[in-house]
Amino acid sequence: MEDAPAFSKDLTFLTEDSVKKLDQWRNRKDLITIGVVTYGQDYLLKTLINSFKAQISKNWKMVILHDGPISKDLYLSLVNDKYLADERIVLLTTESRYNDYGHSLRNIIIEKYLNSEWLLLTNGDNYYTPNFTQNMKNEISKDKDIALVACPCILQKTDPMKPELRLNYVNNPTIQIGHIDMGQFIVKTSFAKKFKLNPTAIADGEFCVQCVAAIKKEGKKIYRTYSIDFIHNN
């Protein structure tokens, strides 16, 4: 059994093998970086990882950033069940918990770990169809000026009158705060790096709105797909 690792201040594992894996990960030139923020999620995080390992298009890499120290049980479960065996996937953690809806963690991902042409930011409790990355790849290949692609999603939401039930409905992406989820779109890295997420904001749509404004200002294009490839767990 492998022990849970210690982590350094710059979010890298202190073990030699883990540092080597992170260096190898950084050197990959995949089309899309999948930036995942999570806190204490077990089977939902594993579902997300499996949904990307099942992707038709393999041209992606994933960085999972855990908000604060990760429990030994969760870490060993991820390692022993081979969720982290794929060289495209790395797990990192912060020394202490930010507890700000994942926004500070997303900023860290953008600043320190984003070196692909495109970025998807998502949460550890979401998952995607096997066609997601391929459909994104198909869309961005249509026009060299495309800088953001959004897709509709299945949104799960609790019914306040019946808390034991969850309602499922299709959320079509609207570029407006409160109407688009972070996991609903990929954006070119050059635009993602222009902005920081607001740690005090609950909704994460502000980042999308800022990116879209910059994209339009530079005369670039925004596309929407018709395929529902994203399942959002509230």
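Placed above this text is the structure.
To keep things clear, this report deals only with the structure shown in the data block. (Residues numbered from 1 in each chain as written. Predicted model: local features only at pLDDT ≥ 70, side-chain atom pairs only at ≥ 80, totals over all residues. Heavy atoms only, no water.)

## So, the side chain of threonine 225
(1) Moving on: Position of threonine 225 among the secondary structure elements: in the loop between strand E10 (221-224) and strand E11 (230-233).
(2) Moving on: Among residues more than four places away in sequence, those in contact with threonine 225 are Met136, Glu139, Val149, Ala150, Cys151 and Pro152. (Helix = DSSP H or I, 4+ residues; strand = E, 2+ residues; numbered from the N terminus. Contact = heavy atoms within 4.5 Å.)

## Description of the packing of aromatic side chains
(1) Moving on: Scanning all chains against the criterion turns up 5 aromatic pairs.
(2) Moving on: Ring geometry for tyrosine 128 versus phenylalanine 230: centroids 4.8 Å apart, planes at 15°, classification stacked. Of this pair, tyrosine 128 sits in strand E5 (residues 127-128) while phenylalanine 230 sits in strand E11, and the two are 102 residues apart along the sequence.
(3) Moving on: Judged by relative accessible area, which is 0%, phenylalanine 230 ranks as buried.
(4) Moving on: Directly above the aromatic system of tryptophan 25 lies the positively charged group of lysine 61, at a separation of 4.2 Å from the ring centroid.
(5) Moving on: The ring of tyrosine 39 carries arginine 97 above its face, with NZ or CZ at 3.5 Å from the centroid. (Phe/Tyr/Trp six-rings, centres within 6.5 Å; stacked < 30°, edge-to-face > 60°. Buried < 20%, exposed > 50% of the residue type's maximum accessible area, 1.4 Å probe, protein only. Lys NZ or Arg CZ within 6 Å of the ring centre and 35° of its normal.)

## Description of the state of the cysteines
(1) Moving on: Applying the stated criterion across every chain, the model contains 0 disulfides.
(2) Moving on: Take cysteine 151: it sits in no disulfide, and the sulfur closest to it among the cysteines is that of cysteine 153, at 7.0 Å.
(3) Moving on: There is no disulfide at cysteine 211, and the cysteine sulfur nearest it, in cysteine 208, is 6.7 Å away. (Disulfide = S-S within 2.5 Å.)

## Here we look at the sheet that holds strand E6 (residues 146-150)
(1) Moving on: Across the sheet, 7 strands lie side by side as E3-E2-E1-E4-E9-E6-E10; this open sheet has mixed pairing. Unpaired on one side and paired on the other, strand E3 (89-93) and E10 mark the two borders of the sheet. On average, each strand axis in the sheet is tilted by 20° relative to the strand beside it, whichever way the strands run.
(2) Moving on: Inspection of the sheet shows E6 paired to E10 by 4 bridges, in the parallel sense. Within E10, the residue paired with leucine 148 across the bridge is isoleucine 222. (Pairing = 2+ DSSP bridges. Axes fitted to C-alpha atoms, helices over the stretch in contact; angles between N-to-C directions.)

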